[in-house]
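Residues per chain are reported as follows:
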Amino acid sequence: MTEGEAAPAAANEQGSRNLAMRVIAALVLAPVAIALAYMGGVAWSLLVTLAAAGLFAEWLVVTGLGRELRILVPGVIALLLAGLCLMAGRIDAALIVLAVGAVVVALTSGARRNWAIAGLLYAAAAEIASVLLRLDTAKGFAALMFVLLIVWVTDIGGYFAGRSIGGPKLWVRVSPKKTWAGAVGGFVASLLVAAGFAAFEIGSTGPLLMLGAVLSVVSQLGDLFESAVKRRFGVKDSSHIIPGHGGLLDRLDGFVAAVIVAAIFGFLRGGADGVGRGLMVW
């Protein structure tokens, strides 16, 4: 084998190893997430709260503030206390705690204040949206699974369509590996999930297809947003906590964007205690 042939072979072997690690990680983590989502209540809220704290910590690492305990500690404490408030059903108290945390972070973060506050708001929005979406006892689990599955199949469909079809790049400056074929593949996969929910009469066909399309696009934009932030600071992965996936930011970027938009839809139509119904019942 020549040197020219060895490089592609090594790249293919590395890609196969990464794919295997991604699959194994997904097979372990997805059932855990689904089980806790089904349980709802404290179990789901605890998972979301810990994930939000991890998102904030990784955001600080990406933006070069990971060693600044004066920023990390108050932000994490605010997210944890907000999670406790959400577990107790006190959404108002959670918002107050997060507002106080944002003020403290702003006062302690110096020149990169905007990036620090953005990270806390990013994690806090994901935390509140994820809990509110599941809070509805009637449709909360269905709504949460709808968002999760849309995000997952968008990612999976995009990965395999991009690798098998290739073609023009989506946005080389931000994410060199993403292609238009992958974006379309993920979008089509999301419509199939939405159609599946409609087939099982979990919602109306038209609205579910619309939501699936919107959330798929939002999920991909969330992925691109996180890639843009990492590229801005010259970071490849937010961490290496998840084998084959990188960090929580790398794995949850699409979900964060999608669940926030889904919760806004649901809140506008169903109120704070009916976010799930507002999203799924049209």
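What counts as what
Position numbers for residues count from 1 along each chain, tracking the sequence in the order it is written. The model is predicted, so local features are restricted to residues of pLDDT at least 70 and side-chain atom pairs to those at 80 or more, both for listing and for counting; the totals for chains, interfaces and linings are taken over all residues. The basis for every side-chain value is the complete set of non-hydrogen atoms in the structure, without hydrogens or water. UniProt positions are given in the numbering used here, feature names are shortened, and annotations may be inferred rather than shown by experiment. For helices the rule is a DSSP run of H or I covering at least 4 residues; for strands it is a run of E covering at least 2, with both sets numbered from the N terminus onward. For the radius of gyration, the atom set is restricted to C-alpha positions; the globular benchmark scales as 2.2 Å times the number of residues to the power 0.38. To sort residues, take the accessible area from a 1.4 Å probe on protein chains only and compare it with the maximum for the residue type: under 20% means buried, over 50% means exposed, and anything in between is partly exposed. In this analysis, two residues are considered to be in contact whenever any of their non-hydrogen atoms come within 4.5 Å of each other. Throughout, the Shrake-Rupley method with a 1.4 Å probe supplies accessible areas, and for residues the shown protein chains are the sole cover considered. In this count, Lys and Arg are taken as positive residues and Asp and Glu as negative ones, while His and the chain termini are left out. By convention, the charge on Lys lies at NZ, on Arg at CZ, on Asp at CG and on Glu at CD. To define axes, lines are fitted to C-alpha atoms, for helices over the stretch in contact only, and angles between the resulting N-to-C directions are given on a 0 to 180 degree scale. Geometric relationships in this document are graded by angle, where less than 35 degrees denotes roughly parallel, more than 145 denotes roughly antiparallel, 65 to 115 denotes roughly perpendicular, and other angles denote oblique. Helix crossings get a hand from a simple test, with the near helix turned counterclockwise from the far one by less than a right angle marking a left-handed crossing and a clockwise turn marking a right-handed one. Each residue receives one of three labels: charged for Asp, Glu, Lys and Arg, nonpolar for Ala, Val, Leu, Ile, Met, Phe, Trp, Tyr, Cys and Pro, and polar for the others, Gly being one of them. Only centres within 6.5 Å qualify two rings of Phe, Tyr or Trp (six-membered ring in Trp) as a pair; their planes then separate them into stacked at under 30 degrees, edge-to-face at over 60, and tilted for everything else. Think of it as a cone above the ring: NZ of Lys or CZ of Arg counts as a charge over the ring if it is within 6 Å of the ring centre and within 35 degrees of the ring normal. To estimate how far a helix should reach, multiply one less than its number of residues by 1.5 Å. For this analysis, a nonpolar core means a set of buried residues of the types Ala, Val, Leu, Ile, Met, Phe, Trp, Tyr and Cys, connected via side-chain atoms within 4.5 Å.

Named according to an unreviewed UniProt entry, the protein is Phosphatidate cytidylyltransferase originating from Bradyrhizobium elkanii. The annotation that UniProt attaches to the protein under Sequence similarities (unreviewed entry) is "Belongs to the CDS family." Under the heading Catalytic activity (unreviewed entry), UniProt records this for the protein: "a 1,2-diacyl-sn-glycero-3-phosphate + CTP + H(+) = a CDP-1,2-diacyl-sn-glycerol + diphosphate".

A word on the overall build of the protein
Looking only at helices and strands, the protein features 10 helices and two strands. Tracing the protein from N to C terminus, the helices and strands come up as α-α-α-α-α-α-β-β-α-α-α-α. Radius of gyration (C-alpha) of the protein: 19 Å, near the 19 Å computed for a compact globule of 282 residues. In the protein, buried positions account for 46% of the 282 residues. The contacts of the protein with a sequence gap of at least 6 include a subset with a gap of at least 24, amounting to 68%. Accessible area for the protein stands at about 13,800 Å²; split by element, carbon and sulfur atoms hold 71% of it. Charge separation in the protein, taken as the distance between the mean sites of 21 positive and 16 negative side-chain charges, equals 4 Å.

Thoughts on the UniProt feature "transmembrane region" (unreviewed entry) in the protein
Under the feature "transmembrane region" (unreviewed entry), the UniProt entry names residues 19–38, 44–62, 69–87, 93–110, 117–135, 141–160, 180–200 and 254–272. A helix fraction of 100% and a strand fraction of 0% characterise residues 117–135, whose end C-alpha atoms lie 27 Å from each other. Counting secondary structure, residues 141–160 comes out at 100% helix and 0% strand; the distance between its end C-alpha atoms is 28 Å.

Some details on the packing of helix 6 (residues 140–165) against helix 9 (residues 248–270)
One way to put it is that helix 6 packs onto helix 9 with a least axis distance of 10 Å and a crossing angle of 140°. Relative to helix 9, the element helix 6 lies oblique. As helix 6 runs across helix 9, the sense of the crossing is right-handed. Two secondary-structure elements touch here, helix 6 through Leu-144, Val-147, Leu-148, Val-151 and Asp-155 and helix 9 through Arg-251, Gly-254, Phe-255, Ala-258, Val-259 and Ala-262. Here the contact of helix 6 with helix 9 is built from residues that sort into eight nonpolar, one polar and two charged.

A closer look at the packing of aromatic side chains
On inspection of all chains with the given rule, the structure shows eight aromatic pairs. Relative to Phe-141, the ring of Tyr-38 has its centre 5.3 Å away and its plane inclined at 85°; by these criteria the two rings are edge-to-face. Remark: Phe-141 occurs in helix 6 and Tyr-38 occurs in helix 1 (residues 3–39); sequence separation between them is 103 residues. On the basis of relative accessibility, which here comes to 57%, the residue Tyr-38 falls in the exposed class. Its end group placed over the ring of Phe-233, Arg-232 keeps NZ or CZ at 4.8 Å from the ring centre. Between Arg-269 and the ring centre of Trp-282, over which it is positioned, the NZ or CZ distance is 3.9 Å.

Considerations on unusual backbone geometry
The backbone of Glu-201 sits at a positive phi, close to 55°, despite the residue not being glycine. Residue placement: Glu-201 occurs in the loop between helix 7 (180–199) and helix 8 (205–232).

Remarks on the packing of helix 2 (residues 41–62) against helix 5 (residues 113–135)
Interhelical geometry of helix 2 versus helix 5 gives an angle of 165° and a closest axis separation of 9 Å. By the angle between their directions, the pair helix 2 and helix 5 is classed as roughly antiparallel. In the packing of helix 2 onto helix 5, the handedness of the crossing is right-handed. Counting all contacts with helix 2, which are made through Trp-44, Ser-45, Val-48, Thr-49, Ala-52, Leu-55, Phe-56, Trp-59 and Leu-60, the residues of helix 5 involved are Trp-115, Ala-116, Ala-118, Gly-119, Leu-120, Tyr-122, Ala-123, Ala-126, Glu-127, Ser-130, Val-131 and Arg-134. Each residue belonging to the contact of helix 2 with helix 5 can be placed in one class, and the counts come to 15 nonpolar, four polar and two charged.

Let's talk about helix 7
With 20 residues, helix 7 should reach 28 Å at 1.5 Å per residue; the first-to-last C-alpha distance of 29 Å fits that figure. For helix 7, the complete set of buried residues consists of Ala-181, Gly-182, Ala-183, Gly-186, Ala-189, Ser-190, Val-193, Ala-194, Phe-197 and Ala-198. Downstream of helix 7 by a residue or two, Glu-201 has a phi angle that is positive, lying close to 55°.

Overview of the nonpolar core
Ranked by size, the top nonpolar core spans 67 residues in total, and within it Phe-56, Leu-79, Leu-133, Phe-146, Val-147 and Leu-279 carry the most contacts. Apart from the residues lying within four places of it in its own chain, the contact partners of Phe-56 are Ile-71, Leu-72, Gly-75, Val-76, Leu-79, Ala-116, Gly-119, Leu-120 and Ala-123.

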